[in-house]
Amino acid sequence: MARPLLKIQRYFRRKPVRFFSLILLYLTAGSLVFLHSGFVGDSGSGAGGGRDTVVASEMRSRASTSASRGFSIMSRVFKETRKSSQRYGPPWMKKRPQERQKMEGRGGDYSNWNRALKGRNAKDVDDGRAKYIGCYIDDTQKRALRGVSFFDYKKMTVFRCQDNCAERGYMYAGLEFGAECYCGHRIQAANASESECNMECKGEKNNLCGGANRLSIYRLELSQESARRYGSAIFKGCFHRPDNVTLALPYSAVIQNMSVDKCVDTCMEKEKSLAVLAGDRCYCGFPTPLFSLHEQEDESMCLHRCHREEFENCGNDEYFVVYQTQVQDNRCMDRHFLPTRSKQLVALASFPGAGNTWARHLIELATGFYTGSYYFDGSLYNKGFKGERDHWRSGRTICIKTHESGRKEIEAFDSSILMIRNPYKALMAEFNRKYGGHIGFASQAHWRGKEWPEFVKNYAPWWASHTLDWLNYGKRVHVVHFEVLKRDLFSQLKGMVQLLGLEVSEDRLLCVEGQKDGNFKRSGLRKLEYNPYTPEMCTTINELIRTVDTALKKRNMPGVPEEYMPR
């Protein structure tokens, strides 16, 4: 036995590189085994029958058994390597690996929608979302649609172009060269022969996306209120002249033959975010406490037509027409980590689909500090949420996103902002995220298949138990309703900043109002045209709403908004 060992020793002494290579391979293999064992140990299936027991007990005693349904805190290393769709869910429901793979395989922003419509030409589809208008001439020097544009020479589809234009509030979407998408508020070109729009879309071979200098144009029939635009500017409304106009709007110019275009172009050159029309005078500036845009007047007060314009209003000396330009208001764009590590952990807690990412966006702009997360989502990090990579206990972020429920997890935080959203809306938002990504959509096949009923059965009770757990075990809980935040962003966000212990900057909050949407807003183009909730689902959800409403009122908090209540 000694001779073979002696030979091996002499061999590696002559070949040290091979020895170190063997050691490296051994260590690599050991690391892989360790990681694999961690994933396998975490992905075991939960007790399937436990869910129904929890639902029944929730209906009877509301919050008495919520502590038993909490997630245990899992290893940060393993969490960060998973996709976001695997990290959280109802505490009584842990999916088997096969189920997870099945769900992940259905993701993607546009592929599912296109598969559901496979075999149908977009020109023939008039489903209330968009209607084909025709083929139009396009000139590179004078575009037919003069709003925003984007190109994708590999994956362009008709519906992707429509979604992008609809999200930005435009009335028309046009496709050209099979890969180019143009948006606009009106068509400024002549018709062309249909045969000239003959190029297939790069992302779907069964649809046509214009031609050479030819646009296939669709009129977008938005099913939700969207921004009114003129070119690239957003119409903000009619407002009374501020008391000190020179201080509120520091730049002004008299423009002959005034038009919206001329005033907007002037203010963009001056790098101002507001273009204000007052007869033949154009004012430029930013929203300030002196001109906050909070007290909108009736549009009839601004009915003064611009020179030789049939539809444009230019306001007058007392009532101003206001547009928001494409110039970015940078007063709220700087963001940093906290200068000193905080010992207080503030949770930004919500049920999935209740607007947590949007709230993070608002808080970061309003405070100038990054928000953190109990999880790690690479797509959010790449979108600018730099606190996403920090450990949630690092103390470098202003608050921590979490969807966790359960006593142990909740009591780890010193205070919390609890976001609550109408469960009918929150469930649909989370279902879209699971099957279509952060700004994608679940396909019609998913809505009409078995996935939706199963999802509602598992997630609806969690909507209620999540809120009840935070009300029961949370310290200094500040409740924010998603719908109220949308209606009254300024005052609601001001209250959130104060809870975080920071001084409120009104200029910064006004800046946030102009950039409130962020990068994670779904367009209204694919809004379902039917109610996906069955009567049985509504009965269950309505009872859960009443349960949460009662729990809030018992704590001397306002109940749920009226729009939550039974349909």
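Within each chain, residues carry numbers counting from 1 in the order of the written sequence. In keeping with the predicted nature of the model, local features appear solely for residues at pLDDT of at least 70, side-chain atom pairs appear and are counted solely at 80 or more, and the whole-chain, interface and lining totals rest on all residues. Computation of side-chain values: all heavy atoms of the structure, hydrogens and water removed.

What to know about the overall build of the protein
Okay, so step 1: Elements are defined by DSSP. Helices are runs of H or I of four residues or more, strands are runs of E of two residues or more, and each kind is numbered from the N terminus. Each helix and strand in the protein was counted, giving 19 helices and 19 strands.
Okay, so step 2: Contacts are residue-level and defined by heavy atoms, with any inter-residue pair within 4.5 Å sufficient. Within the protein, residue pairs in contact and separated by at least 24 positions form 75% of the contacts whose partners lie at least 6 positions apart.

A few points about the sheet that holds strand 4 (residues 180-184)
Okay, so step 1: Here, a strand pair is defined by DSSP locating no fewer than two bridges between the strands. An order of 1-7-3-4-2 is seen for the five strands of this open sheet, with the pairing classed as antiparallel. The open sheet terminates on both sides in strands that have one partner only, identified here as strand 1 (130-137) and strand 2 (149-151). The mean inter-strand angle of the sheet, taken between neighbouring strand axes irrespective of direction, is 20°.
Okay, so step 2: Pairing of strand 1 with strand 7 (residues 214-220), which is carried by seven bridges, proceeds in the antiparallel orientation. From the neighbouring strand, Tyr136 faces strand 7, where its bridge partner is Leu215.
Okay, so step 3: Note on geometry: axes are lines fitted to C-alpha atoms, helical ones only across the stretch in contact, with angles between N-to-C directions running from 0 to 180 degrees. On top of the sheet, helix 7 (residues 158-167) reaches strand 1, strand 2, strand 3 (172-176), strand 4 and strand 7; it is set at about 140° to strand 3, its chief contact.

Here we look at the pairing of strand 9 (residues 233-240)
Moving residue by residue along a regular strand, the side chains alternate between the two faces of the sheet.
Okay, so step 1: Burial classes: relative accessible area under 20% of the type maximum marks a residue as buried, over 50% as exposed, and values in between as partly exposed (1.4 Å probe, protein chains only). Within strand 9, six of the eight residues are buried, which leaves the element mostly enclosed by the surrounding structure.
Okay, so step 2: For strand 9 and strand 13 (residues 296-297), the ladder comprises two bridges, and the chain directions are antiparallel. Bridged to Cys238 within strand 13 is Glu297.

So, the sheet that holds strand 17 (residues 400-402)
Okay, so step 1: If you walk across this open sheet you meet the five strands as 16-17-15-18-19, and the pairing is parallel. Of all strands in the sheet, those bounded by a partner on one side alone are strand 16 (372-373) and strand 19 (477-481).
Okay, so step 2: Of the pairings in the sheet, the one linking strand 15 (residues 346-350) to strand 18 (residues 415-420) comprises five bridges and is parallel in character. Residue Ala347 lies in a different strand from strand 18, and its bridge partner there is Ser416.
Okay, so step 3: Here helix 15 (residues 451-473) sits on the sheet and contacts strand 15, strand 17, strand 18 and strand 19; the angle it forms with strand 18, its principal contact strand, is near 155°.
Okay, so step 4: The sheet contacts of helix 17 (residues 489-499) involve strand 18 and strand 19, and relative to strand 19 the element is tilted by about 160°.

Remarks on the packing of aromatic side chains
Okay, so step 1: Two rings from Phe, Tyr or Trp (for Trp, the six-membered ring) form a pair when their centres are within 6.5 Å of each other. A pair whose planes differ by under 30 degrees is stacked, one over 60 is edge-to-face, and the rest are tilted. If you walk through the whole model with that rule in mind, you get 24 aromatic pairs.
Okay, so step 2: An angle of 40° between the planes, with centres 5.3 Å apart, marks the rings of Trp392 and Phe413 as tilted. In this pair, Trp392 is assigned in the loop between helix 11 (378-382) and strand 17 and Phe413 in the loop between helix 12 (407-410) and strand 18, connecting sequence segments 21 residues apart.
Okay, so step 3: Between Trp452 and Phe455, the ring centres sit 6.0 Å apart and the planes meet at 20°, which makes this aromatic pair stacked. A residue pair is termed a helical-turn pair when its members lie 3 or 4 positions apart in one helix, as Trp452 and Phe455 do in helix 15 at three residues. This pair shows no difference in class: Trp452 is buried, exactly as Phe455 is.
Okay, so step 4: Taken together through their ring pairs, the aromatic side chains of Phe351, Tyr424, Phe431, Tyr435, Trp447, Trp452, Phe455, Tyr459, Trp462 and Tyr533 make up a single cluster.
Okay, so step 5: As a reminder, the over-ring test applies to NZ of lysine and CZ of arginine, requiring each to be within 6 Å of the ring centre and within 35 degrees of the ring normal. In this structure, Arg421 packs its charged tip against the face of Phe482, placed 4.2 Å from the ring centre.
Okay, so step 6: Positioned above the aromatic ring of Tyr530 is the side chain of Arg448, whose terminal nitrogen or guanidinium carbon lies 4.2 Å from the ring centre.

Section: helix 17
Okay, so step 1: If you check which residues of helix 17 are buried, you get Leu489, Phe490, Leu493, Gly495, Met496, Val497 and Leu499.
Okay, so step 2: Trailing helix 17 by a residue or two, Gly501 shows a phi angle of about 80°, which is positive.

Quick look at the environment of Asn330
Okay, so step 1: On the secondary structure map, Asn330 appears in the loop between strand 14 (319-324) and strand 15.
Okay, so step 2: Judged by its relative accessible area of 51%, Asn330 is exposed.
Okay, so step 3: Between the alpha carbons of Asn330 and Val512 there is a distance of 9.8 Å; along the sequence they are 182 residues apart.

Some thoughts on the environment of Phe369
Okay, so step 1: Mapped onto the elements, Phe369 comes out in the loop between helix 10 (356-367) and strand 16.
Okay, so step 2: For Phe369, a relative accessible area of 18% puts it in the buried group.
Okay, so step 3: The spatial distance from the C-alpha of Phe369 to the C-alpha of Pro339 is 9.5 Å, given a sequence separation of 30 residues.
Okay, so step 4: Excluding residues that lie within four positions of it along the chain, Phe369 makes contacts with His336, Phe337, Leu338, Pro339, Glu364, Ile398 and Leu502.

Here we look at helix 9 (residues 260-269)
Okay, so step 1: All of the buried residues along helix 9 are Val260, Cys263, Val264, Thr266 and Cys267. Along helix 9, the residues classed as buried sweep out an arc of 160° about the axis, all on the same side.
Okay, so step 2: Directly after helix 9, the chain includes Glu271, whose backbone phi takes a positive value near 60°. Throughout, the arc means that of the directions going from the helix axis to the C-beta atoms.

Regarding the packing of helix 10 against helix 17
Okay, so step 1: In the contact formed by helix 10 and helix 17, the axes pass within 10 Å of each other and the chain directions differ by 75°. If you check the angle between helix 10 and helix 17, you find them roughly perpendicular. Across the interface between the two elements, Trp358, Leu362, Ile363, Ala366 and Thr367 from helix 10 touch Leu489, Leu493, Met496 and Val497 from helix 17.
Okay, so step 2: In the contact of helix 10 with helix 17, the residues fall into eight nonpolar, one polar and no charged. The labels follow the angle: roughly parallel below 35 degrees, roughly antiparallel above 145, roughly perpendicular from 65 to 115, and oblique for the rest. Nonpolar residues are Ala, Val, Leu, Ile, Met, Phe, Trp, Tyr, Cys and Pro. Charged residues are Asp, Glu, Lys and Arg, and all others, Gly as well, are polar.

A word on the pattern of salt bridges
Okay, so step 1: For this analysis, a salt bridge means a side-chain nitrogen from Lys or Arg found within 4 Å of a carboxyl oxygen belonging to Asp or Glu. The final tally for this structure, using the stated rule, is 15 salt bridges.
Okay, so step 2: Here Arg160 makes a salt bridge to Asp152, at a shortest N to O gap of 2.3 Å.
Okay, so step 3: By relative accessible area, Asp152 is classed as buried at 15%.
Okay, so step 4: For Arg331, the salt bridge identified is with Asp507, shortest N-O distance 3.9 Å. Taken together, the residues span a long stretch of sequence, with Arg331 in the loop between strand 14 and strand 15 and Asp507 in helix 18 (residues 506-514) at a distance of 176 residues.

A few points about the confidence of the model for the protein
Okay, so step 1: The predictor rates its confidence in each residue with pLDDT, a number between 0 and 100. The predicted model of the protein has a mean per-residue pLDDT of 80, with 73% of residues at 70 or higher.
Okay, so step 2: Counted against residues more than four places away or in other chains, residues 35-86, with its pLDDT under 50, gives 93 contacts.
Okay, so step 3: Confidence drops under a pLDDT of 50 for residues 94-120, and excluding neighbours within four residues, the segment shows 56 contacts in the predicted structure.

A few points about the state of the cysteines
Covalent bonding between the sulfur atoms of two cysteines is what defines a disulfide.
Okay, so step 1: When the sulfur atoms of two cysteines come within 2.5 Å, that pair is taken as a disulfide. Applying the stated criterion across every chain yields a total of nine disulfides.
Okay, so step 2: With a sulfur-sulfur separation of 1.9 Å, Cys238 is cross-linked through a disulfide to Cys302. For the disulfide bridge between Cys238 and Cys302, the dihedral angle about the S-S bond is near 80°, and by the sign convention the bridge is right-handed. Note that Cys238 is positioned in strand 9 and Cys302 in the loop between strand 13 and strand 14, a separation of 64 residues in sequence. For the residue pair Cys238 and Cys302, the accessibility class agrees, reading buried in each case.
Okay, so step 3: With its sulfur 2.1 Å from that of its partner, Cys263 forms a disulfide with Cys282. Because the torsion about its S-S bond is 80°, the bridge between Cys263 and Cys282 counts as right-handed.

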